Amino acid sequence: MHVAVVLRLIPDISEDLEIDGSGTDIDREWIGFKLNEFDDQALEEAVLLKERHGAKVTAVMLNGEGADRALQTAVARGVDEVVRVDHDDERVFGAPQIAGMLAGPLAEVGATLVLTGVQTPEDVLGQLAPTLAAKLGWPTANAVSGVILRDGEVIAQQEYSGGLSATLRISGPAVLGVQAASQPPRYVSGTKLRQAQSTAIRSLPASASDAVKTGISSLGVPSRSSHAEMLAGDADAVAASVLGVLRERGLLGA
Amino acid sequence: MTAKLLVMWVVVAAGLGAAAYRASPYVKPLLAAPASNRWDRPRERLAGVLADLGLHRRLLRFRYSGVLHAMIFSGFLVLFSAIVQSFGSGLFPGFTLAPIGGQTWIAFLQDVFALVVTVGVGLAAWQRQFIRPKRFQGSNAADAWIIYALVLAVVATMLLEFAFRLAALGHGSPWRPVSSAIARAMLALGVGEDAAAAGAEVAYWLHVAAVLGFLIYIPGSKHRHIFTAAPNLYFRNLRPKGQLAAIDPASPSAGVSEMAQFDWKAKLDLLSCTECGRCQSVCPAYASGLPLSPKTLIMDLRDRMMAEERGQAAGPLIGGAIADETLWSCTTCRACMDICPVHIEQMTKIVDMRRAVVETGAIEPMLQTALGNLQQYGNSFGKPARQRARWTKDLGFPIKNALKEPVDVLWFVGDFASYDPRAQKITARVAGLLHAAGVDFGILFEAERNAGNDVRRVGEEGVFETLARSNIEQLEKCSFRRIMTTDPHTLNALRQEYGVFDCRYEVLHYTQLLDELIRENRLKLEKADGDRVTYHDPCYLGRYNGGFDAPRSLIAASGHALHEMGRCRENSFCCGAGGGRIWMDDSAMKERPSENRIKEALALGDVGTFVVACPKDLVMYSAAVQNLGAQDKIAVRDISELVALASS
Amino acid sequence: MRALVYSEIHQNAVSPTTRELVTTARRLAGGEGRVEALVAHAALEIMAKDVGGVDETLAIRHPALAQYNPEAQLACLVAAATERKPDVVLLAYTSAGLDLGPALAARLGWPLASYCTAVQVSDGGLAATSQIYGGKLDALINLGLPAVLMMTPGSAQEDDGAAPAALTELPPPPLDDLRTTVLQVDAPDPDAIDITKAARIVSVGRGIGDKDKIEEAAALAALLNAEIAGSRPVIDAGWLPKERQVGKSGRKVKPRLYVALGISGAPEHLEGMGASDLVIAINTDAKAPIFSHAHYGATVDLFDFLEAMKTQLGS
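Numbering of residues starts from 1 in each chain and follows the order in which that chain's sequence is written. Throughout, the order in which chains and ligands are written sets their labels, letters from A for the former and numbers from 1 for the latter. For a predicted model such as this one, the threshold for reporting local features is a pLDDT of at least 70, and the threshold for listing and counting side-chain atom pairs is 80 or more; totals across whole chains, interfaces and linings nevertheless cover every residue.

**As for the overall build of chain A**
Now for step 1: Strands here are runs of E lasting at least two residues and helices are runs of H or I lasting at least four, both read from the DSSP assignment and numbered beginning at the N terminus. A count of helical and extended segments in chain A gives six helices and 13 strands.
Now for step 2: Principal axes of the C-alpha set define a box for chain A whose edges measure 65 × 45 × 40 Å.

**Let's talk about the overall build of chain B**
Now for step 1: When its secondary structure is counted, chain B shows 26 helices and nine strands.
Now for step 2: Principal-axis analysis of the C-alpha atoms places the extent of chain B at approximately 100 × 60 × 45 Å.
Now for step 3: Residues with at least 20 other C-beta atoms within 10 Å of their own are called buried, those with 12 or fewer are called exposed, and the rest are partly exposed. The C-beta atoms themselves are positioned from the backbone. Per-residue burial over chain B gives 46% buried out of 648 residues.
Now for step 4: Remark: residues whose backbone-derived C-beta atoms lie within 7 Å of one another are considered to be in contact. Relative to all contacts within chain B whose residues are 6 or more apart in sequence, the contacts with residues 24 or more apart total 80%.

**Details of the confidence of the model for chain B**
Now for step 1: On average, residues of chain B carry a pLDDT of 93, and 100% of them reach 70 or more.
Now for step 2: Both confidence scores are given for the complex: pTM 0.83, ipTM 0.90. pLDDT expresses, on a scale from 0 to 100, how confident the predictor is about each individual residue.

**A look at the interface of chain B and chain A**
Now for step 1: Of the residues lining the interface, 16 residues belong to chain B; the matching set on chain A comes to twelve residues.
Now for step 2: Mapped onto the side of chain B that touches chain A, the elements with two or more residues apiece are helix 15 (346–360), helix 16 (365–377) and helix 20 (461–476) of chain B.
Now for step 3: It is helix 20 of chain B that provides the largest number of residues to the side of chain B that touches chain A, a total of five residues.
Now for step 4: Following the grouping adopted for this structure description, the nonpolar residues are Ala, Val, Leu, Ile, Met, Phe, Trp, Tyr, Cys and Pro, the charged ones are Asp, Glu, Lys and Arg, and the polar ones are all others, Gly among them. Residue classes in the side of chain B that touches chain A are distributed as six nonpolar, six polar and four charged.

**Remarks on the sheet that holds strand 5 (residues 507–509) of chain B**
Residue and element names in this part refer to chain B.
Now for step 1: Spatial ordering of the open sheet is given by 1-3-2-4-5, a layout of five strands whose pairing is parallel. Where the open sheet ends on each side, the last strands, each with one partner, are strand 1 (400–401) and strand 5.
Now for step 2: In this sheet, strand 3 (residues 441–443) lies alongside strand 1 in parallel orientation, the contact comprising two bridges. Counterpart to Asn 401 in the pairing with strand 3 is Ile 443. Strands were regarded as paired on the criterion that DSSP finds at least two bridges between them.

**Brief notes about helix 9 (residues 264–272) of chain B**
Residue and element names in this part refer to chain B.
Now for step 1: Most of helix 9 sits out of view: eight of its nine residues are buried.
Now for step 2: Three or more residues of helix 9 are buried, namely Lys 265, Ala 266, Lys 267, Leu 268, Asp 269, Leu 270, Leu 271 and Ser 272.
Now for step 3: On its buried face, helix 9 sits against helix 1 (3–32), helix 8 (225–234), helix 12 (294–309) and helix 15.

**Looking at the sheet that holds strand 7 (residues 112–122) of chain C**
Now for step 1: The ten strands lie next to each other as 12(A)-9(C)-8(C)-7(C)-10(C)-6(C)-1(C)-4(C)-5(C)-11(C), forming an open sheet whose pairing is mixed. In this open sheet, the two strands that pair with only one neighbour each are strand 12 (216–220) of chain A together with strand 11 (166–169) of chain C. Here the strands of the sheet are splayed against their neighbours by 30° on average, with no regard to which way each runs.
Now for step 2: Relative to strand 10 (residues 147–151) of chain C, strand 7 of chain C is paired through three bridges, and the arrangement is parallel. Where helices are involved, their axes are fitted lines through C-alpha atoms of the stretch in contact, as for all axes, and angles between N-to-C directions lie from 0 to 180°.

**With respect to helix 3 (residues 70–84) of chain C**
Residue and element names in this part refer to chain C.
Now for step 1: To estimate the expected span of a helix, count its residues, drop one, and scale the result by 1.5 Å. For helix 3, built from 15 residues, the straight-helix expectation of 21 Å at 1.5 Å per residue is met to within 8% by its first-to-last C-alpha distance of 21 Å.
Now for step 2: Among the residues of helix 3, Pro 70, Glu 71, Ala 72, Gln 73, Leu 74, Ala 75, Cys 76, Leu 77, Ala 80 and Ala 81 are the ones counted as buried.
Now for step 3: Directly beyond the C-terminal end of helix 3, a positive phi value near 45° is found at Lys 85.

**Some remarks on the domain arrangement of chain B**
Residues and elements named next belong to chain B.
Now for step 1: Domains assigned within chain B are domain 1 (3–234), domain 2 (259–360), domain 3 (379–518) and domain 4 (525–646).
Now for step 2: Either an automatic procedure or a domain database provided the assignment from which the domain bounds are taken. Measuring from the centre of the C-alpha atoms in domain 1 to the corresponding centre in domain 2 gives 30 Å.
Now for step 3: Contact residues are listed per partner, giving 28 residues for domain 1 and 29 residues for domain 2.
Now for step 4: The greatest single-element share of the side of domain 1 that touches domain 2, amounting to six residues, is contributed by helix 8.
Now for step 5: Along the lines of polarity and charge, the residues of the side of domain 1 that touches domain 2 split into 13 nonpolar, seven polar and eight charged.

This is the structure in structure tokens:
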């Protein structure tokens, strides 16, 4: 089975984010980018499929700053091949546009199972996995927490709220939105990363995507209707204040 | 050819043959091992061997054992002449040492040192049986007792032979006081001349048997060190202490995961261990209850090497013979390597094995997070590089950017000093002192990355190289005379480790710089009546880089009296943060090394301040004082605080 | 405006989030508009009475719909949308919503806004406010009609169920050649700990760092007579069992006391505990979204806080 895993770099949300001049995007000049957390899980699950079932794994990523480095990291993690999808679009945003650009290359790659992260912190226009699935005409399942292969079919664990989950079997090609890999993403040593730096990256042209009709009109800082009362002082002072509040509310004791 | 001569030859040949047969399984792994390039600088190497053996420097750091060893050692050297005499005359009739003094001064020395050896063995036995030092725990006691017995047998048979010979002559000899005394006792007991002559013959053969027995027993015993110690000392590491060996780019794998990958010098180390336990007694990991004893590590590696030689080894080296937790317990403080009398390199073997483990990715989650942060952000805290210089915000004066303008001193701040809130206070204070003294200094701001010292010691060569190359690239853009840092780990990386990339920087610790400023009168201190303090030598400043005096001079200059702890200077006891351990889980510890150390300080009885010179020490010891509830008994202060208080 | 609400059904019950969608749909449709709900299941009788407040329930009945099956549900939703031509389709931001919302939008070529916390009619279309970048910012998205909305659970009140509407059965789309099959459904272990019943909860986020450090937080929980719980990353890393997960893909809790240690407050987590009576948050990042949903907060180091609490409680 040939598995493709779609990787995306997203702004590091642990940093301070500022809205840029246009008001429709964050200022991307000074922030760092990192691999989308759920895509990292999808990558790990794909490598596990290779290790457990002998699947071939290709990592796919759209062109952009840091793409080559991210793909080389995927090599260090154990994928067989890496593909960078080249395009000329100045701004790529939103699942409909991305799915359109990836449909052609994915067909070229020839994978029959596409994994990607279930969501990113900026996919307010829709999630990639179901959008891509609809475009390719394949079934989808999201919030997947484990994938195995059995008799050429995909067995996926889907999570719902309240601790509920179900085991689905999908035959034929599918696109899955991965929430968690079967085990936490493994550590890759710096030496492996350095060795991977010399890997050749295959490039494919993006397929044409439909014109973007809907986008973000503006970004704003959420108006907080409330904010916590911040307790001052060091840990001891804070603990004392907290215990005071708990005592007041009758929350200490049985 | 007389029958006696023939028998002698046969016995000696058989004895030596048996000894060689026993020794061969120990020699074979060394011959088959990868090369080790320790053949350089022969004069320096030889000089070191003679100094170490002659002066017994390291051995005498443990006084009782050092003295008894000197006695036995010197005795063996002298009594070697007796063995030469016995075997020589037995194998080559007519051979004698008489022409060079074999009957006079050599005889005298033999007699005296026979006694010295006996007393030495007696002291050793007393220590083993009654004093029972803790460092012997885990060592092979049976082996030791057998050696005592064999040594006494060799000495006793030798003395008996001399005594019987003198008795056969009917009188003593002024050159053999001890043997003469025994001879007189024999004569007094009525031993006749003929009986004495026969006794001498018997004693001679027993002596030969004892010596051959000793030689046959030795290969399998820790006493083989009498043959391996001098070579092991000769082939010791002469590269800078604080510089780990680089990975061989030609080798397919990093580090050591199989016995076969240890080179012959590493294997010689394993054969030279006397199981004395000095390393165990100074190891902070062992003291804290973690599953690491450098002594046991070497013994286990040795046993594994021999098991493999015999085809009896089962399971992997790491995860089997050596547990993963053992490898991760090490703080790389170097106390073990610095105290070992035969210069065994325990710590570097741990780092070699860590390198192999890191390649497989089988490392604990906390360490994985730290290394991931180092890869992504260039610091172990996971904070953006931009926040590195946040501590400069409220200083009240600007700090030069060394990338934009030339500076005299480039201050390489370091991760902890930049990001940890407790350490930031020291950093700000030091900046104030430098500013007041008019030092022309600058920092790299967000271009600085972790210097990589502990990354290397964790075994992550790849990330180390990435960090180091990045730092070197930035430093090359700057114009400076010297580099200064407040963090001893950073100091070691810049001063010693970056030599691997052919970079030589003049690197100072801030205590050195402050000391200089005071000497040059650029920083004036008012020596007030300070209290009694004690000072903790950081491992990477003291043991690794010889920086013992500047901090002490600063303490005195700020008007405090120093009450040294027992484990000071080279013997300093590690706080437990090094070797990446500050990035690891410590729940398996029974007592943190830092708490052990604070207790040592408290035991001095009259010190109210525990002075440190490293940001990690400040963090570790402040936490330790809190955990022990000793906040009102002792305060942890950085040296810069003492200096700042004393400066106007 | 015509609105179509997708009813999510698990374990033979309509999810409360569906009732939230009805409230929003009602508001968007206005007095003259129409709200319809799609119920696609094998046995309809029980379902229909749970979807109150709508003008009409569209029901599709087929054995293949006995359990939630993404492929089957999508086919039904596409069929209903094609048939009824609503101006807006509303789904909740849940696993089902993820499966169906974007796929429906892609199939029909309609615009979509996800993680919506608020939406109103605007200029002949819709103006949706969505959380972006972990809730640090809000995105305003203007959508032309027809459109698909994925609403964040908790962004509206549950419609309190007026009389059940008229029920119309629609013919099922082809459901016999599905490539997806539900092999089994796992309900949570009834014997496992049910944190939704706990009156006090001490919850840890990624900031706890390590499985062994959880013991320190558990020690505080014990002193406070509270249950220990965690956010998704903590459960994903295997540091706490699934039953103790709080958040969108875990449990929704409503305790009297919720102490959040090292939790940033991503919307998915807030979904799980936002309704707690008293929330105390400890996080070194002063800008962490959790502080907008906590009653008390502090930026001290969480381990220092644990130590101080234990010392002060122990004495």
